[in-house]
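# Structure assessment
Here are the chains, one letter per residue:
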Amino acid sequence: MASLSMAPVNIFKHGADEEKAETARLSSFIGAIAIGDLVKSTLGPKGMDKILLGGGKSGTVTVTNDGATILKAIGVDNPAAKVLVGQASKTEVKLSLQDGPPPPSFRSGVWNYFGFHVTYDPEDMSKVQDDEVGDGTTSVTVLAAELLREAELLIARKIHPQTIISGWRKATQAAREALRDAAVDHSNDPARFQEDLLNIARTTLSSKLLTHHKDHFAKLAVNAVMRLKGSGNLEAIHIIKKLGGSLTDSYLDEGFLLDKKIGVNQPKRLENVNILIANTGMDTDKIKIFGSRVRVDSTAKVAEIELAEKEKMKEKVDRILKHGINCFINRQLIYNYPEQLFAQAGVMAIEHADFAGIERLALVTGGEITSTFDHPELVKLGHCKLIEEVMIGEDTLIHFSGVAMGEACTVVLRGATQQILDEAERSLHDALCVLAQTVKEPRTVYGGGCSEMLMAKVVSDLANRTPGKESVAMESFAKALRMLPTIIADNAGYDSADLVAQLRAAHQENKTTFGLNMSDGTVGNMVDLCITESFQVKRQMLLSASEAAEMILRVDNIIKAAPRKRVPDHHPC
């Protein structure tokens, strides 16, 4: 019996796999570090681009250095890499303005942690950092990977993962407080706050495709966000991409542009417009007999059926016209007969406005999308002062001006190729997201590796005052933070060891606003260089990276479910 009790027992189904202890931990570290190494060459103003070749017959080509786009496009098999990428089970952290790092393993609810109020909702999502603040995904991934690289060395020195996590939590708290103390708030001075926004936009765009035109696009992005009047509702900013011209031909239009066509023989210009926005079928003006049987004894009966269909459509159009409108916009197609009826009534009809288009149109015109027309008094119409056709390049678009939502605007992007336009849109989207967050949370910090070095110095000082093994973990946290300016300098082709040593010495002399000047390859004052970043972006980067690294570090077992057996289909359709 004793020999039987010592025999290994397999509790899993046939085909299931299990990795234990050091094997599981090493597998997790390798996967997460590989993801960090993949994107770290894109970090900083001199970062390189990646070409992403899509699968399938089309084989779409994407050229980008946007971390979120790269991470969403790659397919990974390693579980820890999936955690870092965010394609597997991840958690969205919604933090109040005074937030602390939440515990790594708790369920949804409201928690009091380090004395701070935190709401935590587990959700399946793509990117915490990109969804929360719109930028900094690459920094999060690289910092998490560097933390795990340091953790691998500490575990090799027989330091327990829980000891490392304890040190990291104290380091995160100290770094967050240092970042908060270093933050500057100019929201009470409109002129200086406007300059802060321009500097943040330039800094965000300096690592993107638009870096050579960052002044033009920074002004464009700031003007668009300032039109929102603090609401932060980016749905009011519509981005349209049109091939042709150069990037500097891009402009901000104060109104709403819809990339659709007005119906035949209908008015091309309307003033003081009442708009009915609908999602309804307007294609029943011809008989549909597919999949059905209609028995008739003469062709005249077929004509009667067609006439009945036309009468039905005419009644529907009459019900629509009773709303007192002069513009009808439908998500679905509008066939020839109803289009003719609208033309006779002098109503502008626009068909096939995609769902995102009519959702945004309903938002900016103050209307609601409707599908039934029996009660006109219950329908909320949209309004605008003028609708007209405009030419952009070789294309005709419909321009809505004087809309109910006065902050609505459209950014028209021009460029030579579709890849340039797509990357310009991603770059501008990041800048708009960061600016919208900065308007809500106006504090700013300095970029160029300044904030990371500042946090690293505070964490190192705390490690020097802390007894025990936790101090080693804190020092590893500081080293991981210092790796970010190191990678930025490496990507620019400069001597990172020399530059980071100079920067570290400057911060030891309390020159807390010094960072890397990647234009000249020197250490400079970020105040003079106007390299500013959003406090919200930096804080979220710190928290997201430490949480992701901590989650992976706690893993000591990886269990893979048995693959589903393929059963032959005996009843093919």
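Each remark here, short or long, concerns the structure printed above.
Numbering of residues starts from 1 in each chain and follows the order in which that chain's sequence is written. Per-residue local features of the predicted model are confined to residues with pLDDT of at least 70, and side-chain atom pairs are confined, for both listing and counting, to 80 or more; whole-chain, interface and lining totals are unaffected and use all residues. Values shown for side chains rest on all heavy atoms present in the structure; no hydrogens or waters enter the calculation.

## Quick notes on the overall build of the chain
Here is the rule we go by: In this description a helix means any DSSP run of H or I spanning at least four residues, a strand means any run of E spanning at least two, and both kinds are numbered starting from the N terminus. A simple rule labels every residue: compare its accessible area, found with a 1.4 Å probe on the protein chains alone, to the largest value its type can have, and call it buried under 20%, exposed over 50%, or partly exposed in between. Only heavy atoms enter the contact rule, under which two residues are in contact if any of them lie within 4.5 Å.
In terms of regular secondary structure, the chain is built from 18 helices and 22 strands. Looking at the 573 residues of the chain, the share that counts as buried comes to 50%. Intrachain contacts of the chain at a sequence separation of at least 6 include 75% that bridge at least 24 residues.

## Some thoughts on the packing of aromatic side chains
Counted only if it meets this: The pairing test for Phe, Tyr and Trp rings, Trp by its six-membered ring, is centres within 6.5 Å, and the orientation test on the planes gives stacked under 30 degrees, edge-to-face over 60, and tilted for anything in between. We call a charge positioned over a ring when the NZ of a Lys or the CZ of an Arg lies within 6 Å of the ring centre and within 35 degrees of the ring normal.
Enumeration over the complete set of coordinates arrives at two aromatic pairs. The interplanar angle of 25 degrees and the centroid separation of 5.1 Å between the aromatic rings of Phe328 and Phe342 together place this pair among those described as stacked. In this pair, Phe328 sits in strand β12 (residues 327–330) while Phe342 sits in helix α11 (residues 336–344), placing the two residues 14 residues apart along the sequence. Here Phe328 and Phe342 have matching classes, each one buried. In this structure, Lys310 packs its charged tip against the face of Tyr337, placed 5.0 Å from the ring centre.

## Focus on the sheet that holds strand β9 (residues 251–253)
Quick note on the threshold: Note: two strands are recorded as paired if DSSP finds a minimum of 2 bridges between them. Helix axes are fitted only over the stretch in contact, all axes being lines through C-alpha atoms; the angle between N-to-C directions runs from 0 to 180 degrees.
Pairing is mixed in the open sheet, where three strands are placed in the order β8-β17-β9. The strands lining the two open edges of the sheet, one partner per strand, are β8 (237–243) and β9. Taking each pair of neighbouring strands and ignoring which way they run, the sheet shows an average axis angle of 25 degrees. Contacts from helix α9 (residues 214–226) reach β8, β9 and β17 (409–415), with the element oriented near 20 degrees to β9.

## Some remarks on the sheet that holds strand β7 (residues 184–185)
Ordered by their spatial adjacency, three strands build an open sheet running β7-β18-β21, and the pairing between neighbours is antiparallel. In the strand order of this sheet, the two ends are held by β7 and β21 (532–534), each with one partner. For β7 and strand β18 (residues 443–446), the ladder comprises two bridges, and the chain directions are antiparallel. Paired with Asp185 across the two strands is Arg443, which belongs to β18. Together, β18 and β21 form the strand contacts of helix α8 (residues 190–205), whose direction differs from that of β21 by roughly 90 degrees. Along the sheet, helix α18 (residues 535–553) makes contact with β18 and β21, crossing β21 at roughly 65 degrees.

## Quick notes on the pattern of salt bridges
Selection rule: Think of a salt bridge as a Lys or Arg side-chain nitrogen and an Asp or Glu carboxyl oxygen that are within 4 Å of each other.
A full pass over the atoms with the stated rule returns 27 salt bridges. A salt bridge links Asp422 to Lys241, with the shortest nitrogen-to-oxygen separation between them at 2.8 Å. On the criterion of sequence distance, the pair formed by Asp422 in helix α13 (residues 418–440) and Lys241 in strand β8 is long-range, its members being 181 residues apart. Note on Asp422: relative accessible area 22%, which makes it partly exposed. On the accessibility criterion, Lys241 (29% relative accessible area) is partly exposed. Bridged by salt links that share partners, the residues Asp37, Lys40, Glu146 and Arg149 form one connected network.

## A few points about α18
Put simply, the test is: How far a helix is expected to stretch is found by multiplying one less than its residue total by 1.5 Å. Any N or O atom pair separated by 3.5 Å or less is treated as a polar contact, with the protein-specific requirement of one donor-capable and one acceptor-capable atom, and with residues adjacent in sequence counted only for side-chain atom pairs.
Compared with an ideal rise of 1.5 Å per residue, which puts 19 residues at 27 Å, α18 spans 27 Å between its outermost C-alpha atoms and is within 8% of the ideal. The buried fraction of α18 is high, at 18 of 19 residues. The opening residue of α18, the one whose side-chain oxygen lies 3.2 Å from the backbone nitrogen of Gln536, is Ser534.

## A few points about unusual backbone geometry
The backbone of His352 sits at a positive phi, close to 55 degrees, despite the residue not being glycine. Secondary-structure assignment places His352 in the loop between β13 (348–350) and α12 (355–365). By relative accessible area, which is 43% here, His352 ends up partly exposed. In this structure, Cys530 takes a positive phi of about 60 degrees despite not being glycine. Mapping Cys530 onto the fold places it in the loop between α17 (526–529) and β21. Here Cys530 falls in the partly exposed class, since its relative accessible area comes to 35%.

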